[in-house]
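Spelled out from the first residue to the last, the chains are:
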Amino acid sequence: MKQLLIASTWFQVIWLCAVVGNYDWQSGTLGLVIATLVISAFKGWVHWRLWTCILVMGVIVDFANLSLGLFQFEKHTFPLWLTALWMLFAWYAHFLLPFLTRYPQSVVSIVGGITGALSYLAGEKLGAVAFGVPLFPTMGILLVEWFLIVSVIVRVYRL
């Protein structure tokens, strides 16, 4: 539990760096994520196959959101800081999933859908992303996406 608390705190610190610092701090954010991954690799804390699946899935979903106009970023391209966040979220899954798999997948997926959508709302309120669609439909789409993302991650992790 101590390891999960430390990993959760670290995840939130880097999330804030990425979202608040956005383009200005993206090199530093990426550096922190890479350092985290290097240290974790030496400790054996990353399941690289699962990590890669989560990273690819997340980037594809958010790239689709950008391409379809759901997300708008300052530089009109997929930001490096968002890729760094997906890299970090994939790392964080190693610590989070053993705890979450104690609960029914439906509950975990619903909570994951809500918290995932709310993280984008927080990012929008902090100026990291603008929504190209009104708030209610955007949140509905994000809720469904994150419900499905968490469902897939939990299912793959249990294999």
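Rules behind the numbers
- Residues numbered from 1 in each chain as written.
- Predicted model: local features only at pLDDT ≥ 70, side-chain atom pairs only at ≥ 80, totals over all residues.
- Heavy atoms only, no water.
- Helix = DSSP H or I, 4+ residues; strand = E, 2+ residues; numbered from the N terminus.
- Rg over C-alpha atoms; globule rule 2.2 N^0.38 Å.
- Buried < 20%, exposed > 50% of the residue type's maximum accessible area, 1.4 Å probe, protein only.
- Contact = heavy atoms within 4.5 Å.
- Areas by Shrake-Rupley, 256 points an atom, 1.4 Å probe, with all protein chains shown as cover.
- Lys, Arg positive; Asp, Glu negative; His and termini not counted.
- Charge placed at Lys NZ, Arg CZ, Asp CG, Glu CD.
- Expected span 1.5 Å × (residues − 1).
- Bend = angle between axes of the 7 residues up to and from the residue.
- 1 Å grid on protein atoms, 1.4 Å probe; cavity = no way out; pocket = protein on both sides within 12 Å on 5 of 7 lines; lining within 4 Å.
- Points joined across faces, edges and corners; volume = space filled by probe spheres on them.
- Nonpolar A, V, L, I, M, F, W, Y, C, P; charged D, E, K, R; others polar.
- Core = buried A, V, L, I, M, F, W, Y, C linked by side-chain atoms within 4.5 Å.
- Salt bridge = Lys/Arg side-chain N within 4 Å of Asp/Glu carboxyl O.

Draft legend 1. Looking closely at the overall build of the protein. Each helix and strand counted, the protein has 5 helices and 2 strands in total. Reading the protein from its N end, one meets helices and strands in the order α-α-β-α-α-β-α. A globule of 159 residues ought to have a C-alpha radius of gyration of about 15 Å, and the protein, at 15 Å, matches this closely. Dimensions of the protein, computed from the C-alpha atoms along their principal axes, are close to 40 × 35 × 25 Å. In the protein, which comprises 159 residues, the share counted as buried stands at 45%. Restricting the contact set of the protein to residue pairs at least 6 apart, pairs at least 24 apart contribute 79%. By element, 72% of the accessible surface of the protein is carried by carbon and sulfur atoms, the whole surface being about 8,500 Å². When the 8 positive and 5 negative side-chain charges of the protein are each reduced to one mean point, those points stand 20 Å apart.

Draft legend 2. Broad picture of helix α1 (residues 2-43). With 42 residues, α1 should cover 62 Å at 1.5 Å per step; its first-to-last C-alpha distance of 16 Å lies more than 12% under that length. The sharpest bend along α1 measures roughly 140 degrees and falls at Asn 22.

Draft legend 3. Quick look at the layout of surface pockets. Roughly 670 Å³ of volume is contained in the largest pocket. Lining of the largest pocket is provided by 30 residues; of these, Phe 89, Thr 115, Gly 116, Ser 119 and Trp 146 occupy positions nearest its centre. Listing elements by their share of the lining of the largest pocket, those giving two or more residues are α1, α3 (80-100), α4 (105-125) and α5 (135-158). The dominant element in the lining of the largest pocket, judged by the number of residues it contributes, is α3, at 10 residues. Of the residues that constitute the lining of the largest pocket, the class distribution is 24 nonpolar, 6 polar and no charged. The computed volume of the second largest pocket comes to approximately 200 Å³. Lining the second largest pocket are Gln 3, Ile 6, Ala 7, Trp 10, Leu 32, Ala 35, Thr 36, Ile 39, Ser 40, Trp 45, Trp 91 and Phe 95. Of all elements in the fold, only α1 and α3 reach the threshold of two or more residues within the lining of the second largest pocket.

Draft legend 4. Geometry of the nonpolar core. Formed by 50 residues in total, the largest nonpolar core has its most connected members in Trp 86 and Trp 91. Tallying contributions element by element places α3 first for this core, with 15 residues. Setting aside residues up to four positions removed in sequence, Trp 86 forms contacts with Ile 54, Leu 55, Gly 58, Val 59, Asp 62, Tyr 120, Trp 146 and Ile 149.

Draft legend 5. Structural view of the pattern of salt bridges. Overall, the coordinates contain 1 salt bridge when judged by the stated rule. The residue Lys 125 makes a salt bridge to Glu 124 at a minimum N-O spacing of 3.8 Å. Lys 125 sits in the exposed class, given a relative accessible area of 62%.

Draft legend 6. Structural context of empty space enclosed by the protein. Scanning the entire structure with this criterion turns up 1 cavity of 30 Å³ or more. Trp 45, Val 46, His 47, Leu 50, Trp 51, Ala 90, Trp 91, Ala 93 and His 94 together form the lining of the largest cavity. Mapped by element, the contributors of at least two residues to the lining of the largest cavity are α2 (48-67) and α3. Take the lining of the largest cavity: its biggest share by element is 4 residues, from α3. For the lining of the largest cavity, the residue count by class is 7 nonpolar, 2 polar and no charged.

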